[in-house]
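Spelled out from the first residue to the last, the chains are:
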Amino acid sequence: MAFSYWLSRLRSSSKSFFYSNLQTSHFHNLKTPKPHTTTPIFHSHTSKNPSLALLPAALAVSLAAGSLALQSQSNPSFCDASNLDSARGVSIGGKGSTEFVVKGSHKELPQELIDELKAICRDNMTMDYEERYVHGKPQNSFHKAVNIPDVVVFPRSEDEVSKIVKSCDTHKVPIVPYGGATSIEGHTLSPNGGVCIDMSTMNSIKALHIEDMDVVVEPGIGWMELNEYLEPYGLFFPLDPGPGATIGGMCATRCSGSLAVRYGTMRDNVISLKVVLANGDIVKTASRARKSAAGYDLTRLVIGSEGTLGVITEVTLRLQKIPQHSVVAMCNFPSIKDAADVAIATMMSGIQVSRVELLDEVQVKAINIANGKDLPEIPTLMFEFIGTEAYAREQTQIVQKIVAEHNGSDFVFAEDPEAKKELWKIRKEALWACFAMEPNFEAMISDVCVPLSHLAELISRSKQELDASPLVCTVIAHAGDGNFHTVILFDPNIEEHRREAERLNKFMVLTALSMEGTCTGEHGVGTGKVKYLEKELGVEALRTMKRIKAALDPNSIMNPGKLIPPHICF
């Protein structure tokens, strides 16, 4: 059901992208507000100068003194979660937590706030239960929360976002920014109820600077829609996460995709932002210059903050020229280690590939089942080479030699546009094909990333655990930058399934951390990965993060319960 709903959303966000052979029964046959157009992603963030001018001083006081005046208040965001648990019997999860239902407290929305929201949004808000449920339960994620938002608003402008946030802050009501709903770690859950700010109606392209190769957009536009607009100008935005993702949510999670090995992640491709802070102030984080040494890097502070610091209302993005020529290649290997070794050898050779993707034999089997193909069910690598026609062909030939030296076989490549699309479609459909093997299950998706030299060992060790598990598990890797995903199919309502899925995920995370890696390369923390942050970053880093949040969001209304473990205090 979750998968069906997600596909139905994606179809509305990109008519040209989805595949006719993926069947869907629409879950989202619910009432939606009148202006609810195009797609959203999930968190957004934005703000203006008055409070930001005070930010360096606030942070300096927080970091140097180790405390805030706010600390003396009985604000739960500054307290140890264990104390909260004993006092209220609630928890948001955190260190050592294995809960997939996120707990929280709830209080009724003040009528005064509802009246204020109606005055701001007019018809662009809803308190309909079905709509609130859809916004409170990520439809492509097994994560749940005990509560759903009390109201969903659809702002049409930055000014409306500012007024909404300011009203919520005045009444100390939680806010959850919401975009394309493609996140998988519980980012858009509303464990404490409150107001869900759906950014889907803020989806315009505000300015395109062709000579500067940048574009200014609102957060609700999808990356696929943006690239459709840019194509006639010979430009494109190079990040390619899941279909349906919007620019605001991509900033919020610091996402990347298969092209990150060539073009970098979201943090490398955003020039500046406008963000609404918790008090309603609107901040512009940087100028449009390609580089600047002026002040704190507020742009990078917000990117990856997952809606916990503010709501993004405008994004200025770097663009790239559409490559003159490209070649897509595919080859097979007797073992997944051989495939990973080739990915590493290719990167070490100095070849500037644009994509290096790895699929294990279980994933290839899923593709065969879902699409009626007859691909060899063995570990497979896929490459994309770009540049001039001569350069792309030269790269292809060099990699073909590397493949032959590492037990590779069946090296095929394509230059014809339709043939390339057909080959690359195999990778693009990979995740959704998994559900053909277990159509009634949910997916727990790992997102570990390690230094490239450790990738082969990490995948080999993980694969031994996965193959021994009674659950169906597939491997999909962005092998060029050390990031790999495992799709673990399970029924979250079956205790044994849930424990086994958690065990596998934990094994991979802890193994990655032992190799100086990370628990999340591109999906973000949300509620699902928060329990691993102390081991990865250390308690002092987390306390520093909490001080920053306290300075910007003293009432802790911005997407509470996400990113920062609740047991951290200062």
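The written sequence of each chain sets the order in which its residues are numbered from 1. Local features in this predicted model are restricted to residues whose pLDDT is 70 or higher, and side-chain atom pairs enter the listing and the counts only when it is 80 or higher, whereas totals over whole chains, interfaces and linings include all residues. Side-chain numbers here rest on the full set of heavy atoms in the structure, without hydrogens or water.

Remarks on the sheet that holds strand E5 (residues 175-178)
Neighbouring strands of a sheet are bound in pairs by backbone hydrogen bonds; such pairs are parallel or else antiparallel. What counts, and what does not: One bridge is not enough; two strands pair if DSSP finds at least two bridges between them. Every helix listed is a DSSP run of H or I at least four residues long, and every strand listed is a run of E at least two residues long, numbered separately from the N terminus.
Pairing is mixed in the open sheet, where four strands are placed in the order E2-E4-E6-E5. The sheet terminates laterally at strand E2 (125-126) and E5, the two strands that pair on one side only. Where E5 and strand E6 (residues 195-198) come together, four bridges link them in parallel fashion. By the bridge assignment for E6, isoleucine 175 is matched with valine 195.

Some points on a nonpolar patch on the surface
The condition that has to hold: A patch is a set of surface residues, each over 30% in relative accessible area and not in a salt bridge, joined within 9 Å for like charges and within 5 Å for the nonpolar side chains Val, Leu, Ile, Met, Phe, Trp and Tyr. Reported accessibility uses the Shrake-Rupley method at a 1.4 Å probe radius. Residues are deemed covered only where the shown protein chains occlude them. Take a side-chain nitrogen of Lys or Arg and a carboxyl oxygen of Asp or Glu: if they are within 4 Å of each other, that pair is a salt bridge. Type-normalised accessible area, obtained with a 1.4 Å probe on protein chains alone, sets the label of each residue: buried when under 20%, exposed when over 50%, and partly exposed for intermediate values.
Where nonpolar side chains cluster on the molecular surface, the patch consists of Ile210, Tyr229 and Tyr233 and spans about 270 Å² of accessible area. The residue isoleucine 210 is located in the loop between strand E7 (205-209) and strand E8 (214-217) in this model. By relative accessible area, which is 42% here, isoleucine 210 ends up partly exposed.

Focus on helix H13 (residues 361-371)
One full turn of an α-helix is made of 3.6 residues, so residues set three or four places apart face in the same direction. Inclusion rule: When checking whether two residues touch, look at their non-hydrogen atoms; a contact exists if any pair is within 4.5 Å.
Of all eleven residues in H13, eight are buried; the element is thus mostly enclosed. Against strand E15 (355-359), strand E16 (380-387), helix H15 (417-428), helix H16 (430-433), helix H17 (455-468) and strand E20 (472-478) lie the buried residues of H13. Where H13 ends, the next residue or the one after it, glycine 372, has phi of about 65 degrees, a positive value.

Topic: the sheet that holds E8
Spelled out, the test is: For every element, the axis is a line fit to its C-alpha atoms; helices are fit only across the contacting stretch, and the angle between N-to-C directions ranges from 0 to 180 degrees.
Overall, antiparallel pairing links the five strands, which are arranged E7-E8-E12-E10-E11 in an open sheet. The open sheet has two edge strands, E7 and strand E11 (282-284), and neither has a second partner. Each strand axis lies, on average, 10 degrees off the axis of its neighbour in the sheet, ignoring direction. In the packing of helix H6 (residues 158-170) onto the sheet, the strands contacted are strand E10 (270-276), E11 and strand E12 (311-318), and the crossing angle to E10 comes to about 50 degrees.

Thoughts on the packing of helix H4 (residues 111-121) against H6
Note the cut-off: Here is the rule for angles: anything less than 35 degrees is roughly parallel, anything more than 145 is roughly antiparallel, 65 through 115 is roughly perpendicular, and the remaining ranges are oblique. For this scheme, ten residues count as nonpolar: Ala, Val, Leu, Ile, Met, Phe, Trp, Tyr, Cys and Pro. Four count as charged, namely Asp, Glu, Lys and Arg, and the remainder, Gly too, count as polar.
Two elements in contact, H4 and H6, have axes whose closest approach is 10 Å; the angle formed by their N-to-C orientations is 175 degrees. On the basis of their axis angle, the class for H4 and H6 is roughly antiparallel. On H6, the residues touching Leu113, Glu116, Leu117, Ile120 and Cys121 of H4 are Glu160, Lys163, Ile164, Ser167 and Cys168. Its residues assigned to classes, the contact of H4 with H6 comprises six nonpolar, one polar and three charged.

A few points about the nonpolar core
Filter applied, for reference: What we call a nonpolar core is a set of buried Ala, Val, Leu, Ile, Met, Phe, Trp, Tyr and Cys residues that are connected through their side-chain atoms within 4.5 Å.
Counting 56 residues, the largest nonpolar core has Leu358, Leu381, Phe383, Phe385 and Phe484 as the members making the most contacts within it. Sequence-distant contacts of leucine 381, that is, excluding residues within four places in its chain, are made with Ala329, Met330, Cys331, Phe333, Ala339, Val342, Ala343, Val356, Glu357 and Leu358. Within the second largest apolar cluster, 30 residues are counted, among which are Ile247, Leu273, Val275 and Leu552.

Quick word on the environment of alanine 340
Relative to the helices and strands, alanine 340 is located in helix H12 (residues 336-348). Measuring from C-alpha to C-alpha, the distance between alanine 340 and leucine 458 comes to 9.8 Å, with 118 residues separating the pair along the chain. Apart from residues lying up to four places away in sequence, alanine 340 is in contact with Leu358, Ala456 and Ile459.

Observations regarding the state of the cysteines
Rule in force here: By definition, disulfides here are pairs of cysteine sulfur atoms that lie within 2.5 Å.
All chains considered together, the criterion is met by zero disulfides. The cysteine cysteine 121 is free of any disulfide, with cysteine 168 supplying the nearest cysteine sulfur at 9.3 Å.

As for unusual backbone geometry
Its identity as a non-glycine residue notwithstanding, arginine 254 has a phi of 55 degrees, on the positive side. With respect to the element layout, arginine 254 can be found in the loop between helix H8 (247-253) and helix H9 (260-263). Using a relative accessible area of 38% as the deciding quantity, one classes arginine 254 as partly exposed. The backbone of aspartate 410 sits at a positive phi, close to 55 degrees, despite the residue not being glycine. When you line up the elements, aspartate 410 lands in strand E17 (residues 409-414).

A look at the packing of aromatic side chains
For clarity, the threshold we go by: Side-chain rings of Phe, Tyr and Trp, where Trp is taken by its six-membered ring, are said to pair if the distance between their centres is within 6.5 Å; with planes under 30 degrees apart they count as stacked, over 60 as edge-to-face, and otherwise as tilted.
A complete count under the given rule lists five aromatic pairs for this structure. For the pair phenylalanine 236 and tyrosine 263, a centre-to-centre distance of 5.7 Å together with 85 degrees between the ring planes defines the contact as edge-to-face. With phenylalanine 236 in strand E9 (residues 235-236) and tyrosine 263 in helix H9, this residue pair connects regions lying 27 residues apart in the sequence. Across this residue pair, the class does not change: phenylalanine 236 and tyrosine 263 are buried.

Quick word on the pairing of E20
Burial analysis of E20 places seven of its seven residues in the buried class, which makes it a mostly covered element. Neither face of E20 is left uncovered, since the one carrying Val472, Thr474, Ile476 and His478 and the one carrying Cys473, Val475 and Ala477 both have all their residues buried. Bridge count for E15 against E20 is three bridges, and the pairing is antiparallel. Within E20, the residue paired with leucine 358 across the bridge is alanine 477. Relative to strand E21 (residues 483-490), E20 runs antiparallel, the two sharing seven bridges. Residue pairing across strands places valine 475 opposite threonine 486, the latter belonging to E21.

Notes on the environment of proline 492
Assignment of secondary structure puts proline 492 in the loop between E21 and helix H18 (495-514). Separated by 392 residues in sequence, proline 492 and phenylalanine 100 have C-alpha atoms that sit 8.4 Å apart. With residues up to four places along the chain from it excluded, the contact list for proline 492 reads Phe100, Phe142, Glu442 and Arg498.

Some points on the side chain of lysine 549
The test is simple: Residues adjacent in sequence count toward polar contacts only when both atoms are side-chain atoms; beyond that, a polar contact is any pair of N or O atoms within 3.5 Å, and within protein one must be able to donate a hydrogen and the other to accept it.
Among the structural elements, lysine 549 can be located in helix H20 (residues 539-552). Accessibility expressed as a relative area gives 12% for lysine 549, which makes it buried. Engagement of the side chain of lysine 549 in a polar contact is seen with the backbone oxygen of methionine 558, the distance being 3.1 Å. Apart from the residues lying within four places of it in its own chain, the contact partners of lysine 549 are Thr308, Leu309, Pro554, Ser556, Met558 and Ile564.

Considerations on the pattern of salt bridges
As enumerated under the stated definition, the model contains 27 salt bridges in all. A salt bridge links aspartate 159 to lysine 163, with the shortest nitrogen-to-oxygen separation between them at 3.2 Å. Linking aspartate 159 with lysine 163, this pair stays in helix H6, spanning four residues, or about one helical turn. By relative accessible area, lysine 163 is classed as partly exposed at 43%. Salt-bridge contacts for glutamate 495 lead to arginine 498; the nearest nitrogen and oxygen are separated by 2.3 Å. One end of the pair is glutamate 495 and the other is arginine 498, both in helix H18 and three residues apart, which spans about a single turn. If you follow the salt bridges from partner to partner, you end up with Asp360, Glu361, Lys463 and Asp467 in one network.

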